[in-house]
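Structural overview
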Amino acid sequence: MEDGRVALITGANRGIGYEICRQLARRGLSVLLTARRDEAGETACEELRAEGLAVRFERLDVTEPESVAAAFQRIESDLGRLDVLVNNAAISVEKKTPAVEVDMDTVQRVLDTNLIGAWRLCQAAAPLMRKERYGRIVNVSSGVGSFSKLAAGFGAYRISKTGINALTCILADELYGDNVLVNAMTPGWVRTHMGGIQAPRSVEEGADTAVWLATLPDDGPTGRFFRDREEFPW
Ligand code: NAP
């Protein structure tokens, strides 16, 4: 059990993020379920609280610096700590439009959410984690962002995930020595709004590796990329 530890999950009103909240709360963490829409976030929280889980809602849009700053001010004043950050929020909006044709506003939107948003959250969380000399940052990436699998289509989404993998390596090195472990993971192809109903994996399977990384012991790995708790090629 991880009693007393506080975890923040982005984009957690549905899908894999929601399931990560459930699994972390079941392990005894105090969970901050964050979402950009109040109603969706509150409803998701109520559902988990009805299961007897310790979950609190914080409005947080990863693309809005003011929203991130406000959420972290509340966390600092109410809780004074943050032990776990799961950067889960992401969008995939470009379909199969080739990178040579995709509208650059779309590219900007995808990178703003999936990469810059996660980076912003890491910057907000790192001082709290360093202060406690404890932190676990989990970046939810994707196999399609792996260098070994880069190919035509979904250029912005792929590059946002290649970027979050690079960010993982850089932050792991910068935070090494502060007991802040930073890892990336891919959930596989999961049945969610993003993954679609034809996907073979459940949200439980998709969330498992993120939950494992969020609760690593102090001698756990850092700066690595995982799928199903096994190392995955960058
Ligand atoms: P999902 O069901 O579409 O959920 C995405 C979540 O991100 C939603 O809660 C969404 O909120 C939120 N979000 C989007 N923009 C946001 C913003 N600016 N600020 C805060 N939250 C925002 O997708 P999912 O399948 O659970 O995906 C979760 C993670 O797994 C993502 O990082 C995704 O790239 C990754 N992944 C998924 C698959 C898959 O097959 N499903 C495969 C590989 C990787 P709204 O409800 O307000 O839109």
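Structure shown above.
The text that follows walks through the structure, step by step, so that each part is easy to find. As the structure is a computational prediction, the values presented were derived from the model and not from experiment. (Residues numbered from 1 in each chain as written. Predicted model: local features only at pLDDT ≥ 70, side-chain atom pairs only at ≥ 80, totals over all residues. Heavy atoms only, no water.)

Turning our eyes to something else, we now look at the overall build of the protein chain. Broken down by element type, the protein chain carries six helices and eight strands. Ordered by position in the sequence, the α and β elements of the protein chain form the string β-α-β-α-β-α-β-α-β-α-β-α-β-β. Against the 2.2 N^0.38 benchmark of 17 Å for 234 residues, the protein chain shows a C-alpha radius of gyration of 16 Å, consistent with a compact globule. For the C-alpha atoms alone, the extent of the protein chain along its principal axes is close to 50 × 40 × 35 Å. For the protein chain, contacts bridging at least 24 residues in sequence account for 68% of all contacts bridging at least 6. Here the protein chain contributes 28 positive and 33 negative side-chain charges, whose respective centroids are spaced 3 Å apart. (Helix = DSSP H or I, 4+ residues; strand = E, 2+ residues; numbered from the N terminus. Rg over C-alpha atoms; globule rule 2.2 N^0.38 Å. Contact = heavy atoms within 4.5 Å. Lys, Arg positive; Asp, Glu negative; His and termini not counted. Charge placed at Lys NZ, Arg CZ, Asp CG, Glu CD.)

Glancing now at helix α1 (residues 15–26). Residues spaced three or four apart along an α-helix point in a common direction, a consequence of the helix completing one turn every 3.6 residues. Taking 1.5 Å of rise per residue, 12 residues should cover 16 Å, and α1 covers 17 Å from first to last C-alpha, within 8% of that figure. Where burial is concerned, most of α1 is hidden: 10 out of the 12 residues are buried. Within the sequence span of α1, burial applies to I16, G17, Y18, E19, I20, C21, R22, Q23, L24 and A25. Where α1 is buried, its residues meet β1 (6–9), β2 (30–35), α2 (38–50), β3 (55–59), β4 (84–87) and α6 (203–214). Following α1 by one or two positions, G28 has its phi on the positive side, about 100°. (Expected span 1.5 Å × (residues − 1). Buried < 20%, exposed > 50% of the residue type's maximum accessible area, 1.4 Å probe, protein only.)

With that out of the way, let us pick up the site of the ligand. Taken together, 29 residues sit near the ligand, with N13, R36, N88, Y157 and T192 positioned nearest. At 2.6 Å from an oxygen atom of the ligand is found a side-chain nitrogen or oxygen belonging to Y157. At 2.5 Å from an oxygen atom of the ligand is found a side-chain nitrogen or oxygen belonging to T192. Taken by itself the ligand offers 900 Å² of open surface, and the protein chains cover 96% of this. For the shell around the ligand, the secondary-structure elements that each account for two or more residues are α1 and α5 (155–174). The class makeup of the residues in the shell around the ligand is 12 nonpolar, 12 polar and five charged. (Near = heavy atom within 4 Å. Polar contact = N/O pair within 3.5 Å; in protein donor to acceptor, adjacent residues only side chain to side chain. Areas by Shrake-Rupley, 256 points an atom, 1.4 Å probe, with all protein chains shown as cover. Nonpolar A, V, L, I, M, F, W, Y, C, P; charged D, E, K, R; others polar.)

Attention now moves to the pairing of β1. Because side chains alternate across β1, one face comprises the buried residues V6 and L8, and the other comprises A7 and I9, equally buried. One ladder, built from four bridges, connects β1 with β2; its direction is parallel. Residue I9 lies in a different strand from β2, and its bridge partner there is L33. Crossover β1 to β2 through α1 is right-handed. Where β1 lies against β4, three bridges are found, and the strand directions are parallel. Within the sheet, the bridge partner assigned to I9 lies in β4 and is V86. (Pairing = 2+ DSSP bridges. Right-handed = clockwise from strand over helix to strand, strands pointing away.)

Between helix α3 (residues 65–78) and helix α4 (residues 104–132), the shortest axis-to-axis distance is 10 Å and the interhelical angle comes to 20°. Judged on the interaxial angle alone, α4 and α3 are roughly parallel. For α3 against α4, the interelement crossing comes out right-handed. Packed against α3, whose contacting residues are P65, V68, F72, I75 and E76, the element α4 presents R120, L121, A124, A125 and L128 at the interface. (Axes fitted to C-alpha atoms, helices over the stretch in contact; angles between N-to-C directions. Parallel < 35°, antiparallel > 145°, perpendicular 65-115°, else oblique. Left-handed = near helix turned anticlockwise from the far one by under 90°.)

All right, on to the state of the cysteines then. One way to say it: the disulfide is the covalent bond shared by the sulfur atoms of two cysteines. For the structure on display, the rule yields zero disulfides. Residue C45 stays outside any disulfide, its sulfur separated by 7.4 Å from that of C21, the closest cysteine. A relative accessible area of 0% places C45 in the buried class. Free cysteine C169: the closest other cysteine sulfur is in C122, separated by 13 Å. Judged by its relative accessible area of 33%, C169 falls in the partly exposed class. (Disulfide = S-S within 2.5 Å.)

Attention now moves to unusual backbone geometry. Here N179, not a glycine, exhibits a phi torsion of approximately 60°, which is positive. Within the fold, N179 resides in the loop between α5 and β6 (180–185). At D228, a position not held by glycine, the phi torsion is positive, near 50°. Relative to the assigned elements, D228 resides in the loop between β7 (225–227) and β8 (230–231).

With that settled, consider the nonpolar core. Of all hydrophobic cores here, the largest spans 35 residues; its most connected members are I9, I20, L24, V31, L33, V55 and V86. In terms of residue count, the dominant contributor to this core is α6 (seven residues). Dropping the residues within four chain positions of it, L24 is found in contact with A7, I9, L29, V31, V86, V211, A214 and T215. In this structure, L8, L85, C122 and A125 belong to the second largest nonpolar core, which totals 25 residues. (Core = buried A, V, L, I, M, F, W, Y, C linked by side-chain atoms within 4.5 Å.)

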